[in-house]
Structures are given as C-alpha cells and as structure tokens.
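What follows is each chain in one-letter form.
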Amino acid sequence: MESRGLVLVAEDDAAIAELVTLYLRRDGFGVRVESDGRAALAAARQVKPVAVILDIGLPLMDGIEVCRALRAEGDWTPVLFVTARDDEVDRVLGLELGADDYVTKPFSPRELVARVRTVLRRANGPGAAEVLQAGGTRLDLGARRVWTEAGEVALTSTEFDLLAYLMRRPGQVFERAQLLSAVWGYSAAAGTRTVDVHVAQLRAKLGAFSPIRTVRGVGYSAERQ
Ligand code: CA
C-alpha cells in the first residue's frame, strides 16, 4: 500500500499517542512519536513530516513554542493543535501561527485522522478533488471519503483504494490477479483470496449501493453509473 506520508505526533500522554498512532497507521500514514517539545522540534527538522499533531501541554517546550520556532525558520508544515482546555484555543488562533486546525481533548481518534487528511488536502491545494459516482455510491478521491445514499461509510485504506481503482475504470473487468497487483502491489502467487475478502467487506459496508459487479469466471468490475 502506498504510504500517505509521515505524521509527527508530539504528545506526552503515552496512551493517547498510542491510540493516535494506531489510527494514523491504519489510515496509511507513517508515524513518528515524540513526548516532549524539544524532541518534537528536533524531529520536525530532521524527518520533515507531512503534518504535525502538536499537543499544547508538552514538557520542556510547549506546543505553541514548538510551532513558533518552526514558523520562525520558515517551516509551514501543517500543524494540528491538540488542546486540553477551551481557553487555549483562542490563544492558539490569536497567534497567527498558521495553525491549520485544532482538536480539544477528549477527541475521537477517527475525527483526528479526518482532520489530518483535511489539513493535508488544504496544504496540497485544489486539484486532487475528483468525485466519482456509481451504483448509489459517491467517492471523493481527494478527501478519500465515501458516501452511499444512506450516508458516509468508513472504509479502510485498502478498501478505499480497491473501490477507487474500480470506480476510476467503470465497466472494465479485472481479474483478481490484476487487482492484487494494482491495489496491493502483490504478485498473484500470494493468493487472490485477499481480493475476494476485501470485495465482500466493501459490499457489506456499501450494501445495496455497491457498484461492484462479479463477472463470473473472470473477476470484478464497477458499474458505469
Ligand atoms: Ca500533554
């Protein structure tokens, strides 16, 4: 699976850092965790993350100082602040540090990952926004989000990649081995059951709105509309 880039997580609460790491990895991001402000600043300079999730209450150097130091160096990497107190939010937003967004503790890790995607999309500018539609399913390639007529559907990164691959080539029929290679980067020797399992998961999540057709004896295809 193609990685979506490395995110630096600066968080001194180990349990939160672990949870955030888990969700980011699951979403295809690489993760580097630092538990104090100075180490976070050093890591940001060293590994050049695509985004930083920055807890404000960090030891040695707080999150605001870390962000200020980066900006002073001309580093405008997207920063998503994590705050434990509502009054900190005003402070962050008033500083014009180019804080791209913030979340308040306690937050849902899924929500945090969605925010990371949003700040990255904003940072990458327009152009990635392509929306595909078929069989009652709508897929936003840039935002990596999927909706059916029943509402938004949470897909794993691989499920999304598989669905996007098929929907970008409507009507075209793919053998399992082709999908395994294109979406997973695996050779068919690894076994093509993986494809069937993921198609079954997609169908379970999309329900009656799934655009995926089984072509007997061949493989899978996405409907045209
Ligand atoms: Ca903290």
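Here's what I pulled together on the structure shown here. (Residues numbered from 1 in each chain as written. Predicted model: local features only at pLDDT ≥ 70, side-chain atom pairs only at ≥ 80, totals over all residues. Heavy atoms only, no water.)

Turning next to the side chain of His 198. Locating His 198 in the fold gives a position in helix 8 (residues 193–206). For His 198, a relative accessible area of 15% translates into the label buried. With sequence-adjacent residues up to four places away left out, His 198 is seen in contact with Thr 158, Glu 159, Leu 162 and Trp 184. (Helix = DSSP H or I, 4+ residues; strand = E, 2+ residues; numbered from the N terminus. Buried < 20%, exposed > 50% of the residue type's maximum accessible area, 1.4 Å probe, protein only. Contact = heavy atoms within 4.5 Å.)

As a further point, take the coordination of the calcium ion. Protein coordination of the calcium ion is provided by Asp 12 (OD), Asp 55 (OD) and Gly 57 (O), with donor distances spanning 2.2 to 2.4 Å. Counting residues between consecutive donors of the calcium ion along the chain gives the motif D-x42-D-x1-G. Residue Asp 12 is found in the loop between strand 1 (6–10) and helix 1 (14–26), and its partner Gly 57 is found in the loop between strand 3 (51–55) and helix 3 (63–72); the two are separated by 45 residues along the sequence. Take Asp 12: its relative accessible area is 38%, and that puts it in the partly exposed class. (Donors = N, O, S within 2.8 Å, 3.2 Å for Na, K, Ca; no water.)

Under the counting rule described, the total for this entry stands at one aromatic pair. If you follow Arg 26 out to its NZ or CZ, it ends over the ring of Tyr 23, 4.8 Å from the centre. Directly above the ring of Trp 147 sits Arg 138, whose terminal nitrogen or CZ lies 4.6 Å from the centroid. (Phe/Tyr/Trp six-rings, centres within 6.5 Å; stacked < 30°, edge-to-face > 60°. Lys NZ or Arg CZ within 6 Å of the ring centre and 35° of its normal.)

Mapped onto the fold, Gly 28 is located in the loop between helix 1 and strand 2 (30–34). Assessed through its relative accessible area of 9%, Gly 28 is described here as buried. Considered as a pair, Gly 28 and Leu 6 are 22 residues apart in the sequence and their alpha carbons are 9.3 Å apart.

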